[in-house]
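A closer look at the structure
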Amino acid sequence: MTVSTPPRYAYRPITDRPDYDWPGGRRLAIYFGINYEVFDFGGGMGAELAPAKNQPDVLNYAWRDYGNRVGAWRLFDLFDRLELPATALLNADVLDTCPGLAEACVARGYEIAAHGESNAAAQGKMSKDEEQALIARTTDALAALGTRPTGWLGPWISESHATPDLLHRAGYRYTLDWAHDDQPTWLSTDTGRLLSVPYSQEINDIPAIVARRGEAAQFAAMIEDAVAQLLAECDRRPLVLGIALHPYIMGQAHRTPPLARVLERLREADDPRIWWTTAGGIADHVIEHDLAV
């Protein structure tokens, strides 16, 4: 039997690639992808705290909306205090639904990356024309914040067979949809190369807490263990750790303190091998110096 493999990239083990450094000779690039998302009241997709009984699903809709009204601002306070950069993964509909939230990300100097229009639908089920229109609307809406986004994360990590081609044609330089590596890698498209920047589905609060029913202390320990392991490897190869956060999960009052404690320890250690950056900063460095395989 011949198995099907993704046509966008070839297999090459991480032990058989050119070595390089991050800026300043650093070896481990860490970025936070903070997801700012909106959902459809009375329908559509959405993570669940508890199984929905009917629509409108007040319990889960309100739980998710807490992130935009309260949790995001709690995380802003934490990241301001620790002087941490971040990539804001923005649903374009946030601009109309939550006035001031996207602007608060811009005011803090966060990178703005596109995350579709909302998290109520998955783009992989769309026709090619519909998906192209979605990408265009999202891009134009976020460009109104001042800078045209160059990075894309699909809502629900949903892609069609055409998604990388459509993103490259629309001017995107990188995608976060693929979690297949600890280094940036090139994806082929019909008009050129699109960079895949690692976005973790493990160090990610939705799978860890919602899907696996873990809690914040366990998730914080996962972050600490991942950093320790990658630091033990980074003298042999440059590495990336993306930490994915959702304000309606880690912005809850009982979850922010364990997150704060692990981030405080990492910042206080001031390890010279760590580059605290953004997904776009990683992409820019790799593309400028043509470092990816």
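Everything discussed here concerns the structure shown above.
Let us look at the structure shown here.

The rules behind the values
- Residues numbered from 1 in each chain as written.
- Predicted model: local features only at pLDDT ≥ 70, side-chain atom pairs only at ≥ 80, totals over all residues.
- Heavy atoms only, no water.
- Helix = DSSP H or I, 4+ residues; strand = E, 2+ residues; numbered from the N terminus.
- Rg over C-alpha atoms; globule rule 2.2 N^0.38 Å.
- Buried < 20%, exposed > 50% of the residue type's maximum accessible area, 1.4 Å probe, protein only.
- Salt bridge = Lys/Arg side-chain N within 4 Å of Asp/Glu carboxyl O.
- Expected span 1.5 Å × (residues − 1).
- Arc of directions from axis to C-beta.
- 1 Å grid on protein atoms, 1.4 Å probe; cavity = no way out; pocket = protein on both sides within 12 Å on 5 of 7 lines; lining within 4 Å.
- Points joined across faces, edges and corners; volume = space filled by probe spheres on them.
- Nonpolar A, V, L, I, M, F, W, Y, C, P; charged D, E, K, R; others polar.

**Notes on the overall build of the chain**
Across its full length, the chain holds ten helices and nine strands. The globule rule puts the C-alpha radius of gyration for 293 residues at 19 Å, and the 19 Å found for the chain is close to it. Burial status across the chain gives 54% buried among its 293 residues.

**Structural notes on the pattern of salt bridges**
In total, this model carries 17 salt bridges according to the counting rule given. Between Arg81 and Glu264 there is a salt bridge, with the nearest N and O atoms lying 2.9 Å from each other. Taken together, the residues span a long stretch of sequence, with Arg81 in helix H1 (residues 58–82) and Glu264 in helix H9 (residues 256–269) at a distance of 183 residues. Here Arg137 makes a salt bridge to Glu117, at a shortest N to O gap of 2.9 Å.

**Re helix H4 (residues 128–143)**
With 16 residues, H4 extends 22 Å between its outermost C-alpha atoms, agreeing within 8% with the 22 Å of an ideal straight helix rising 1.5 Å per residue. Along H4, the residues classified as buried are Glu131, Leu134, Ile135, Thr138, Thr139 and Leu142. With its buried residues spanning 125° around the axis, H4 presents them on a single face.

**A few points about empty space enclosed by the protein**
What the rule picks out here adds up to two cavities of 30 Å³ or more. Around the largest cavity sit Glu37, Val38, Phe39, Tyr61, Arg64, Asp65, Asn68 and Thr97, which together line it. Ranked by the residues each element gives to the lining of the largest cavity, the list is headed by H1, at four residues. Its volume calculated, the second largest cavity comes out at about 40 Å³. Lining the second largest cavity are Asn35, Glu37, Phe39, Arg64, Gly67, Asn68, Pro247 and Tyr248. Examining the composition of the lining of the second largest cavity, we find that three residues originate from one element, H1, more than from any other. Residues belonging to the lining of the second largest cavity are distributed by class as follows: three nonpolar, three polar and two charged.

Remember, this is a structural readout, not a statement about activity or role.
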